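Single-letter residue listing:
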Amino acid sequence: MKRSFVSVLGAAGLLVLIGHASLAQSVAPDPTAAANAYVNAPFNWELWFPKSGSPMQAKIDWLMQYVLWIMTAVVAFVGVLMVYVFIRFNAKANPKPSQVTHNTLIEVIWIVVPVLILAVVIIPSINLIYYEADDSNPYMTVTVTGHQWYWEYNYSSVPGLDYTSYMIPDDQIKPGEIRRLSVDHPMVLPVGKKIKFIITSGDVLHGFYLPSLGVQKYAIPGTNQTSWTMITKPGTYFGQCNQICGLNHDAMPLEIKAVPLADYLAWTKQALATYTDNTVAPPLSSPLPHNQLALRN
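Let me begin by describing the structure that accompanies this report. (Residues numbered from 1 in each chain as written. Predicted model: local features only at pLDDT ≥ 70, side-chain atom pairs only at ≥ 80, totals over all residues. Heavy atoms only, no water.)

Comments concerning helix H4 (residues 261-274)
With 14 residues, H4 ought to run about 20 Å at 1.5 Å a step, and its terminal C-alpha atoms sit 20 Å apart, in line with that. Close packing links the buried residues of H4 with strand S2 (140-147), strand S3 (150-155), strand S4 (162-165), strand S5 (187-190) and strand S11 (253-259). (Helix = DSSP H or I, 4+ residues; strand = E, 2+ residues; numbered from the N terminus. Expected span 1.5 Å × (residues − 1). Contact = heavy atoms within 4.5 Å.)

Observations regarding the pattern of salt bridges
Counted by the stated rule, this structure contains 4 salt bridges. With a shortest N-O distance of 3.7 Å, glutamate 255 and lysine 257 are connected by a salt bridge. Assigned by exposure class, glutamate 255 and lysine 257 land together as buried. Because the salt bridges share partners, they merge into one network encompassing Asp170, Arg179, Arg180 and Asp250. (Salt bridge = Lys/Arg side-chain N within 4 Å of Asp/Glu carboxyl O. Buried < 20%, exposed > 50% of the residue type's maximum accessible area, 1.4 Å probe, protein only.)

Structural notes on the sheet that holds S3
Within the open sheet, the 5 strands sit side by side as S4-S3-S2-S6-S9. Their pairing is mixed. At either margin of the open sheet sits one strand with a lone partner, and together these are S4 and strand S9 (225-229). Taken pair by pair, the neighbouring strands of this sheet meet at an average axis angle of 25 degrees, ignoring direction. Here 7 bridges tie S2 to strand S6 (residues 195-201), and the two strands are oriented parallel to one another. Of the residues in S6, the one forming a bridge with valine 142 is phenylalanine 197. (Pairing = 2+ DSSP bridges. Axes fitted to C-alpha atoms, helices over the stretch in contact; angles between N-to-C directions.)

Brief notes about the packing of aromatic side chains
Overall, the coordinates contain 13 aromatic pairs when judged by the stated rule. Taken together, a centroid distance of 4.8 Å and an interplanar angle of 15 degrees make the contact between tryptophan 62 and tyrosine 66 stacked. Of this pair, tryptophan 62 and tyrosine 66 both sit in helix H2 (residues 55-88), 4 residues apart, which is roughly one turn of the helix. For tyrosine 66, a relative accessible area of 27% puts it in the partly exposed group. Pairing tyrosine 150 with tyrosine 166 gives two aromatic rings, centres 4.6 Å apart and planes at 25 degrees, and the pair type is stacked. Of this pair, tyrosine 150 sits in strand S3 while tyrosine 166 sits in the loop between S4 and S5, and the two are 16 residues apart along the sequence. (Phe/Tyr/Trp six-rings, centres within 6.5 Å; stacked < 30°, edge-to-face > 60°.)

Here's what the structure looks like:
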């Protein structure tokens, strides 16, 4: 009797262990978990660009500050000069006004100095334009299509991976998610790799805007625009459609999960296994359908 009781206990323990093992196997680890450690999101009273998440945005940020300091110096100089003129050349100080109409030196200065200022501004600006336009030799390409009112992502390097991204409704926000910014299916990208975007629209004009990554392109029906970025740090980055595209324009956020390459490759396998096409396309007039994946044409 004692041996039978021990056998039953042993069998029960074995079943528990098997159950735990099965549960562990059924709950697959989240390949995008590394992106949750750092969240680059807007905050109250933010007065500048968001913290740079790519070399592109770092260059934009530098140029903005560079030009701003030049503008500050020009405005300060003109302001001081105007105050000096008001005091030095007013009617009380000069009851008999001067009849001077020309000064060759001053006229040369006010032509040469603005030209030099334009030169020191335009040279780094042109360099940045060329840098932004160089989308050659990307690691991967994602085709981004704007719809009313959701985004569609097609990964050309992963055949069959084509899905939609909808904003999570306000009444379904969970802890760790951000109202009006978090989405049901974020775009997942590898860190440290050059990512090319092909941007278009399926209906009206949209705006593909990722401020922390230095990406800003219009999504135009019938036209393919290109841009690129390279994310330097694992994390979650946000953007928004910044072109008024209809009634629910504000329901088109962009969420990017940037993860190490190994995690990205694991995510593609998981996405291919779990993301399936819908049998019925979502109605375009409905602003908040979610957890629906793109139909392939």
